[in-house]
Amino acid sequence: MLSFQVTRGWGIKPLFFLFLITLLSVPAFAVVYNVNNTTDGNALNQLRGAIVAADGAGPGPHTINVAAGTYTLTLGQIVFGNNPQTINIVGAGAATTIISMTTGAARDRIFLINPTGFTNSPVISVSGITFQNAYLTSDTFGGGAIYAGGGSAESLTLTNCAFVNNTTPALN
């Protein structure tokens, strides 16, 4: 039998405090996203949706598995790395997983990581993906396909990736 004795002056506050401390000490969990819809949008099975969801899901590490296909971005660049976190974006291979920027009005770079440059510790890795047809129009920071801005302990690792036909005319 479990019993509690509430002492005058303390009331329920110590129990609430212990409950709150327990909630705050729960570790963050890793989330795996599986992208297989090549259209641009915010669903979790679309590239943009999975990246934005991982960006808001806490420190991770989060993994985004990107199936073979050509993912054409029609809604502009994908902005993430706004929080201290680890995100791994894993393609099926640079020959078969392609992220391509549209040729329409929303044409821009593909990834803008840590846009303020002040977020500490976004750790991003990308493997097995081709980045193509990015065309920087939004700013003069550079990075035709990818721009990763500052912050202490920020890291961007690219493994077995290819870059094809990406330009930075905004810098001219």
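Everything numeric here is computed off the predicted structure, so don't read it as measured data. The residue numbers shown here count from 1 along each chain, following its written sequence. Only residues with pLDDT of 70 or above have their local features reported here, since the model is predicted, and side-chain atom pairs are shown and tallied only from 80 upward, although totals for entire chains, interfaces and linings are computed over all residues. For the side-chain quantities, the full set of heavy atoms in the structure was used; hydrogens and water were omitted.

A few words on the sheet that holds strand β6 (residues 97-101). The pairing criterion for strands is at least two bridges between them, as found by DSSP. Under the scheme used here, helices are H or I runs from DSSP no shorter than 4 residues and strands are E runs no shorter than 2 residues, and both carry numbers assigned from the N terminus. One open sheet holds the four strands; their spatial order is β3-β6-β9-β12, and the pairing between them is parallel. Each of the sheet's edge strands pairs with one partner strand only, and the pair in question is β3 (69-73) and β12 (162-164). Averaged over all pairs of adjacent strands, the angle between strand axes in this sheet comes to 20°, irrespective of strand direction. Of the strand pairs in this sheet, β3 and β6 are connected by five bridges, and their pairing is parallel. By the bridge assignment, Thr 70 is partnered in β6 with Ile 98. Angles shown run from 0 to 180 degrees and are taken between the N-to-C directions of axes, each axis being a line fitted to C-alpha atoms and, for helices, limited to the stretch in contact.

Relative to the helices and strands, Ser 100 resides in strand β6. Any two residues whose heavy atoms approach within 4.5 Å at even a single point are treated as in contact. Excluding residues that lie within four positions of it along the chain, Ser 100 makes contacts with Thr 70, Tyr 71, Thr 72, Leu 73, Gln 132 and Asn 133.

Centre-to-centre distance and the angle between the planes together describe a pair of aromatic rings. Side-chain rings of Phe, Tyr and Trp (the six-membered ring for Trp) are treated as a pair once their centres are within 6.5 Å; stacked means planes under 30 degrees apart, edge-to-face means over 60, and tilted covers the remaining angles. Following the criterion strictly, the structure yields four aromatic pairs and no others. Centre to centre, the rings of Phe 111 and Phe 131 are 5.4 Å apart; their planes meet at 80°, and the pair counts as edge-to-face. Of this pair, Phe 111 sits in strand β7 (residues 111-113) while Phe 131 sits in strand β9 (residues 130-132); the two residues are 20 residues apart in sequence, bridging distant segments of the chain. When sorted by exposure, Phe 111 lands in the same class as Phe 131, which is buried. One aromatic cluster in this structure is built from Phe 80, Phe 111, Phe 131 and Phe 163. Whether a residue is buried, partly exposed or exposed follows from its accessible area with a 1.4 Å probe, protein chains only, as a fraction of its type maximum: under 20%, in between, or over 50%, in that order.

Here we take up the confidence of the model for the protein. Confidence of the prediction at every residue is given by pLDDT, a number between 0 and 100. Summarising the model, the protein shows a mean pLDDT of 85, and 82% of its residues fall at 70 or more. In the predicted structure, residues 2-7 sits below a pLDDT of 50 and forms two contacts with residues beyond four places in sequence or in another chain. Under a pLDDT of 50 for its full length, residues 15-26 has, in the predicted model, one contact with residues more than four places off or in other chains.

Residues grouped as a nonpolar core are buried Ala, Val, Leu, Ile, Met, Phe, Trp, Tyr and Cys residues, joined through side-chain atoms within 4.5 Å. Grouped together as the largest cluster of nonpolar side chains are 26 residues, with contacts concentrated most on Leu 47, Ile 64, Phe 80, Ile 89, Phe 111 and Phe 131. Counting residues per element, this core draws most heavily on helix α2 (residues 47-55), at four residues. Setting aside residues up to four positions removed in sequence, Leu 47 forms contacts with Val 35, Asn 37, Val 66, Tyr 71, Leu 73, Ile 78 and Ile 99.

Opposite charge on two side chains makes pairing possible when the charged atoms of those side chains draw close. By convention in these notes, a salt bridge is any Lys or Arg side-chain nitrogen within 4 Å of a carboxyl oxygen on Asp or Glu. The final tally for this structure, using the stated rule, is two salt bridges. Here Arg 48 ties to Asp 40 by a salt bridge, and the two come within 2.8 Å at their closest N and O atoms. Residue Asp 40 is classed as buried on the basis of its relative accessible area, which comes to 15%.

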